[in-house]
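Take a look at the letters that make up each chain.
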Amino acid sequence: MKTVKILGSGCANCKKLEAVAREAASSAGIEAQFVKVTDMKDIMAYDLMSTPGLVIDEKLVSSGRIPTQAEIRQWMGAA
């Protein structure tokens, strides 16, 4: 099972990223556990410059934008 973390304060973009990531996992048939990380200290541990951030299996794959479902599916398959 993949662990997918959404890094951000809970803003509209963070919620949109979570929705896109959930849809990507579901459409690819990938089992994933979703975790929201809102604590700034925890977010900064991933060395990201801007939110929202997407972490798959402890690897930061995206920051500061909302990637497409296709990109997320690719990262989940490769992560």
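Residues numbered from 1 in each chain as written. Predicted model: local features only at pLDDT ≥ 70, side-chain atom pairs only at ≥ 80, totals over all residues. Heavy atoms only, no water.

**Student:** Just to check I follow, could you spell out the overall build of the chain for this structure?
**Tutor:** Within the chain, the regular secondary structure consists of three helices and four strands. Helices and strands in the chain line up, N terminus first, as β-α-β-α-β-β-α. Relative to the 2.2 N^0.38 estimate, which gives 12 Å for 79 residues, the radius of gyration of the chain is 11 Å and therefore close to what a compact globule would have. On the principal axes, the C-alpha backbone points of the chain span a range of 30 × 20 × 15 Å. When contacts within the chain are restricted to residue pairs at least 6 apart in sequence, long-range pairs at least 24 apart make up 63% of them. Roughly 4,500 Å² of accessible area belongs to the chain as shown, and the carbon and sulfur atoms make up 49% of that amount. Each charge class in the chain was averaged separately, 10 positive and 9 negative side chains, and the resulting centres sit 4 Å apart. (Helix = DSSP H or I, 4+ residues; strand = E, 2+ residues; numbered from the N terminus. Rg over C-alpha atoms; globule rule 2.2 N^0.38 Å. Contact = heavy atoms within 4.5 Å. Areas by Shrake-Rupley, 256 points an atom, 1.4 Å probe, with all protein chains shown as cover. Lys, Arg positive; Asp, Glu negative; His and termini not counted. Charge placed at Lys NZ, Arg CZ, Asp CG, Glu CD.)

**Student:** Even after reading the chapter, I still don't get the pairing of strand S4 (residues 59-63), so can you show me in this structure?
**Tutor:** Along a regular strand, successive side chains alternate from one face of the sheet to the other. Where strand S3 (residues 53-56) lies against S4, four bridges are found, and the strand directions are antiparallel. Bridge assignment links glycine 53 to a residue of S4, and that residue is serine 63. Where S3 hands over to S4, the hairpin turn is made up of two residues, of which aspartate 57 adopts a positive phi near 50°. (Pairing = 2+ DSSP bridges.)

**Student:** Where do I start with the sheet that holds S3 in this structure?
**Tutor:** The strands that make up a sheet are held in pairs by hydrogen bonds between backbone atoms, and each pair lies either parallel or antiparallel. Strand order in this open sheet of four strands is S2-S1-S3-S4, and the pairing throughout is mixed. The open sheet is flanked by strand S2 (32-37) and S4, the only strands paired with a single partner. Put simply, the sheet's adjacent strands are angled 20° from each other on average, direction ignored. Bridge analysis of strand S1 (residues 2-7) against S2 gives six bridges, and the strand direction is parallel. Paired with lysine 5 across the two strands is valine 35, which belongs to S2. (Axes fitted to C-alpha atoms, helices over the stretch in contact; angles between N-to-C directions.)

**Student:** Quick question: what am I supposed to make of the nonpolar core here?
**Tutor:** What tends to happen in soluble globular proteins is that the nonpolar side chains get buried as a cluster. If you look at the biggest cluster of nonpolar residues, it comprises 13 residues, and the most contacted ones within it are Val4, Ile6, Ala21, Leu54, Ile72 and Met76. Counting residues per element, this core draws most heavily on helix H1 (residues 12-28), at six residues. When neighbours within four sequence positions are excluded, methionine 76 is seen to be in contact with Lys2, Val4, Ala21, Ala25, Ile30 and Ile56. Grouped together as the second largest cluster of nonpolar side chains are six residues, Leu7, Val37, Ile43 and Val55 included. (Core = buried A, V, L, I, M, F, W, Y, C linked by side-chain atoms within 4.5 Å. Buried < 20%, exposed > 50% of the residue type's maximum accessible area, 1.4 Å probe, protein only.)

**Student:** Please clarify how the pattern of salt bridges should be interpreted in this entry.
**Tutor:** It is possible for side chains of opposite charge to pair when their charged atoms get near one another. Under the definition given, this model contains five salt bridges. Linking aspartate 57 and lysine 2 is a salt bridge whose minimum nitrogen-to-oxygen distance equals 3.4 Å. Here aspartate 57 is found in the loop between S3 and S4, whereas its partner lysine 2 is found in strand S1, with 55 residues between them in sequence. We classify lysine 2 as buried; its relative accessible area is 15%. Linking lysine 5 and glutamate 58 is a salt bridge whose minimum nitrogen-to-oxygen distance equals 2.7 Å. On the criterion of sequence distance, the pair formed by lysine 5 in strand S1 and glutamate 58 in the loop between S3 and S4 is long-range, its members being 53 residues apart. What makes lysine 5 buried here is its relative accessible area of 16%. (Salt bridge = Lys/Arg side-chain N within 4 Å of Asp/Glu carboxyl O.)

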